[in-house]
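A structural walkthrough
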Amino acid sequence: MKKIKVILLYSIAIILVFQSCKKGEDDPTISLRSRKARLVGEWSLTSGKITSHEEYTTTVTTYDGKTSISSVYGTNPYTEKMLFSKNGTFYIIFTNYAVSRKLSGYWKFGSEIKEMDLKNKEYVLLIVNSLSDTYPTGVEVETFSGSMCPVYTFKLKELKNKKLTVEFDGIDNWSTGYTSESGWKSFSNKEK
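Calculation rules
- Residues numbered from 1 in each chain as written.
- Predicted model: local features only at pLDDT ≥ 70, side-chain atom pairs only at ≥ 80, totals over all residues.
- Heavy atoms only, no water.
- Helix = DSSP H or I, 4+ residues; strand = E, 2+ residues; numbered from the N terminus.
- Buried < 20%, exposed > 50% of the residue type's maximum accessible area, 1.4 Å probe, protein only.
- Contact = heavy atoms within 4.5 Å.
- Areas by Shrake-Rupley, 256 points an atom, 1.4 Å probe, with all protein chains shown as cover.
- Patch = residues over 30% accessible without salt bridge, like charges linked within 9 Å, V, L, I, M, F, W, Y side chains within 5 Å.
- Salt bridge = Lys/Arg side-chain N within 4 Å of Asp/Glu carboxyl O.
- Lys, Arg positive; Asp, Glu negative; His and termini not counted.
- Charge placed at Lys NZ, Arg CZ, Asp CG, Glu CD.
- Polar contact = N/O pair within 3.5 Å; in protein donor to acceptor, adjacent residues only side chain to side chain.
- Core = buried A, V, L, I, M, F, W, Y, C linked by side-chain atoms within 4.5 Å.
- Pairing = 2+ DSSP bridges.

Focus on the overall build of the protein
Secondary structure assignment for the protein yields two helices and eleven strands. Of all 192 residues assigned to the protein, the portion counted as buried reaches 34%. In the protein, 46% of the contacts between residues at least 6 apart in sequence involve partners at least 24 apart. A total of about 12200 Å² of accessible surface is found on the protein, and carbon and sulfur atoms cover 57% of it.

See below:
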């Protein structure tokens, strides 16, 4: 009887440890790989839906990995790739028609923010130090350093070995108006 109680206590402890590792709403209950190990690699957009509000216009855009379908701009070719490296660097490449935008810089997991109901490692901070736009006529590059680096945040709703779903939700206010954006995008990693 004593052995059964000990085994039961160990089983409960193991379950509690694995449950506490689950950060994202749709994360696997049990994973033998760390969050960092699951995030590191190259990810390709497979689907998504973003709603944007700007002044008097609302735009709903859906993605299927090859095209974007917008309520305002119609259907266009669109791809998106993200790479997260073990050393803390990242890049994201958005390609729409013959125009490509690349953001690069440093990434890190965010720590717990109780006021925003965010858990430790539930979201990723992207600190951008380079932005380049490639057009058929040439390339424009903008670089940032120090406190002037733009910082983007997205919540990791689901982080599995081969599937990543991120959520966006935010507002950009300026003196003459605002833009808000909310939604999600899912990515796959075929190399893992």
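A short note on a positive patch on the surface
Residues Arg 33, Lys 36, Lys 86 and Lys 121 make up a contiguous surface patch of positive charge. Relative to the helices and strands, Arg 33 is located in the loop between helix H1 (2-21) and helix H2 (35-39).

Considerations on the side chain of Glu 80
Take Glu 80: it is sitting in strand E4 (residues 74-84). Exposure remark for Glu 80: the relative accessible area of 5% places this residue in the buried category. Looking at Glu 80, its side chain comes within polar contact range of the side chain of Tyr 78, at 2.8 Å. For Glu 80, the side chain forms a polar contact with the side chain of Lys 185, separated by 2.6 Å. Not counting the four nearest positions on each side in its chain, Glu 80 is found in contact with Trp 43, Ser 44, Leu 45, Ile 92, Ile 93, Phe 94, Lys 185 and Phe 187.

Some details on the nonpolar core
Counting 26 residues, the largest nonpolar core has Leu 39, Phe 84, Trp 107, Val 124 and Leu 164 as the members making the most contacts within it. Residue assignment for this core shows that the elements contributing at least two residues are strand E1 (41-54), E4, strand E5 (89-96), strand E6 (99-109), strand E7 (123-135), strand E9 (151-159) and strand E10 (163-174). Broken down by element, this core gets its largest block of residues, four residues, from E7. Not counting the four nearest positions on each side in its chain, Trp 107 is found in contact with Lys 36, Leu 39, Val 40, Phe 84, Ser 85, Gly 88, Thr 89, Phe 90, Val 124, Leu 125 and Leu 126.

Considering the pairing of strand E2 (residues 57-63)
For a regular strand, side chains alternate in direction, first toward one face of the sheet and then toward the other. Here E1 runs beside E2; their pairing, made up of seven bridges, is antiparallel. Note on E2: the bridge partner recorded for His 53 is Thr 58. The turn joining E1 and E2, which pair antiparallel and follow one another in sequence, is formed by two residues; a positive phi near 55° is taken by Glu 55. Here three bridges tie E2 to strand E3 (residues 67-70), and the two strands are oriented antiparallel to one another. Within E3, the residue paired with Thr 62 across the bridge is Ile 69. The loop that links E2 with its antiparallel partner E3 comprises three residues; one of these, Gly 65, has a positive phi angle of about 100°.

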